[in-house]
Amino acid sequence: MSTIVNGTKSKSCQVKFGIPQGTSVLGPIFFSMFCNDLPEIMQGDDGEIEMFADDTTIYVIGPNPDSVASILNEMVRKLSWWCLKNLLTVHTGKTEYMLLGCAWFIGPLQQIKLDVPVIKLVNTKICLGLKVDSCLKWDVHALEVVESFNKKLNLLKSFHFLPLQARLDLYFMVILPSITYGILIWGSVGKTMFDNLERIHIRAARLIYQYA
């Protein structure tokens, strides 16, 4: 295997294990086949594991934070053992946990450990493109949607020279789907947030049709 950067080719190197990322359409398929037995090691626990490509999420439901932490620690221990057995490494810098509930929890929490490192407790986390907070309010995600929408309209404005149909295609095929992604889930936010989105939609229409 070799790479080319700015027209200069590197020395060739033999790849003894795995498939280099981005070099084969079979890579994602082989990875899924390699790790598809991971959920089986969690059977019998009170938690569940969901996988999407190389992104793995563990869910635990319990009557109190201590029981949840105990179950989660056991599941994390099994996950660590599986990774060690299969010559994989968990990215500890990207591994976090969040306590979901109707209100903020006040009080000491049992530590969740992945081998030696302590897993960081967070109040918000992006899961498959949706920003989830610990109270499941969706306000934080909606605010990010508004901010992203405004930035994308600046991109639309820079393409003012394109024909009308091209501007419409750019908006409906590229910009709008990225804004409404997951709206069936986060669309329960209040009227004020949707009023903000509506104003940005009006601004988009003015840019597309080049109204003053």
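Note that the structure is a prediction, hence the values are computed from the model and not measured. (Residues numbered from 1 in each chain as written. Predicted model: local features only at pLDDT ≥ 70, side-chain atom pairs only at ≥ 80, totals over all residues. Heavy atoms only, no water.)

## A word on the pairing of strand E3 (residues 47–52)
Line of reasoning, step 1. Inspection of the sheet shows E3 paired to strand E4 (residues 55–60) by six bridges, in the antiparallel sense. Across the sheet, Glu-48 pairs through a bridge with Tyr-59, a residue of E4.
Line of reasoning, step 2. The antiparallel hairpin formed by E3 and E4 contains two residues in its connecting segment, where Ala-53 sits at a positive phi of about 55°. (Pairing = 2+ DSSP bridges. Helix = DSSP H or I, 4+ residues; strand = E, 2+ residues; numbered from the N terminus.)

## So, the pattern of salt bridges
Line of reasoning, step 1. Under the criterion given, the structure shown has five salt bridges.
Line of reasoning, step 2. For Lys-131, the salt bridge is made with Glu-144, and the minimal N-O distance between the two is 2.9 Å. Of this pair, Lys-131 sits in strand E8 (residues 130–133) while Glu-144 is found in helix H3 (residues 139–158), placing the two residues 13 residues apart along the sequence.
Line of reasoning, step 3. Notably, a salt bridge pairs Lys-191 with Asp-195, separated by 2.9 Å at the nearest N-O pair. Placement of the pair is Lys-191 and Asp-195 together in helix H6 (residues 191–209), with a separation of four residues, close to one helical turn.
Line of reasoning, step 4. Taking relative accessible area as the criterion, Lys-191 reaches 64% and is therefore assigned exposed. (Salt bridge = Lys/Arg side-chain N within 4 Å of Asp/Glu carboxyl O. Buried < 20%, exposed > 50% of the residue type's maximum accessible area, 1.4 Å probe, protein only.)

## Some points on the state of the cysteines
Line of reasoning, step 1. The final tally for this structure, using the stated rule, is zero disulfides.
Line of reasoning, step 2. The thiol of Cys-35 is unpaired, and the distance to the nearest cysteine sulfur, on Cys-83, comes to 9.4 Å.
Line of reasoning, step 3. Overall, Cys-35 belongs to the buried group, its relative accessible area being 4%.
Line of reasoning, step 4. Cys-35 supplies the cysteine sulfur nearest to Cys-127, a cysteine that is in no disulfide, at a spacing of 16 Å. (Disulfide = S-S within 2.5 Å.)

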